[in-house]
Amino acid sequence: MPVTPAYRAETLSVLNLVAHVTDRSMFGGVGLYREGLFFAVMANDRLYFKVDSSNRGDFEAEGMGPFMPFDNPDQVMQYYEVPAFVLDNPDELAVWMDKAVRVAELKKAKSPTPKRRRPPRAGR
């Protein structure tokens, strides 16, 4: 899943034309964040946006497939490759990026919040 420094820099530059995006190396690839939400992955010099039923059809209509770590079809993740024409058009990129961020927001909202542990009562 390596990402070359040139691809990483170029892709971040394009994304940052639309919105402030930060990156973090992870498992040989790169995780991308907007407003603290993990919405995209870079792997093998390809960009993948987070999907659910609200935006997966956009990617499939363009013939794009899911991210599969280690090219294993049994490990399909909910990220689909971004078509090249999207990266070439900032207006289009903004729409696709906003949808991916919205998916990340919804996932975060559905995630259970960890329960705080109560300290033990005195005398127990």
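For the structure itself, consult the block above.
Reference entry: report on the structure contained in this document. (Residues numbered from 1 in each chain as written. Predicted model: local features only at pLDDT ≥ 70, side-chain atom pairs only at ≥ 80, totals over all residues. Heavy atoms only, no water.)

All buried positions along helix 1 (residues 5-15) are accounted for by Tyr7, Thr11, Leu12 and Leu15. Along helix 1, the residues classed as buried sweep out an arc of 125° about the axis, all on the same side. Along helix 1, the residues that are exposed and aim more than 90 degrees away from the buried face are Pro5, Ala6 and Glu10. Where helix 1 is buried, its residues touch strand 1 (22-26), strand 2 (29-34), strand 3 (37-43), strand 4 (46-50) and helix 4 (90-110). (Buried < 20%, exposed > 50% of the residue type's maximum accessible area, 1.4 Å probe, protein only. Helix = DSSP H or I, 4+ residues; strand = E, 2+ residues; numbered from the N terminus. Arc of directions from axis to C-beta. Contact = heavy atoms within 4.5 Å.)

Let us now look at the packing of aromatic side chains. Summed over all chains, the structure comprises 7 aromatic pairs. Ring centres of Phe85 and Trp96 lie 6.2 Å apart, and the angle between their planes is 90°; this geometry places the pair in the edge-to-face category. Of this pair, Phe85 sits in helix 3 (residues 84-87) while Trp96 sits in helix 4, and the two are 11 residues apart along the sequence. Of the residues examined, Trp96 reaches a relative accessible area of 7% and is grouped as buried. (Phe/Tyr/Trp six-rings, centres within 6.5 Å; stacked < 30°, edge-to-face > 60°.)

What follows covers the pairing of strand 2. Where burial is concerned, most of strand 2 is hidden: 6 out of the 6 residues are buried. Residue alternation in strand 2 divides its side chains into two sets, Gly29, Gly31 and Tyr33 and Val30, Leu32 and Arg34, and both sets are buried. In this antiparallel pair of consecutive strands, strand 1 and strand 2, the connection spans 2 residues, and Phe27 shows a positive phi of 50°. Judged from the 5 bridges that link them, strand 2 and strand 3 form a sheet pairing that is antiparallel. (Pairing = 2+ DSSP bridges.)

Where a strand is regular, its side chains alternate between the two sheet faces. Among the 7 residues that make up strand 3, 6 are buried, leaving the element largely enclosed by the rest of the structure. Adjacent in sequence and paired antiparallel, strand 2 and strand 3 are bridged by 2 residues, among which Glu35 carries a positive phi angle near 55°. As judged from the 4 bridges shared by strand 3 and strand 4, these two strands associate in the antiparallel manner. If you follow Val41 over to strand 4, its bridge partner there is Tyr48. Following strand 3, the chain reverses through 2 residues before pairing antiparallel with strand 4; Asn44 in that reversal takes a positive phi of roughly 50°.

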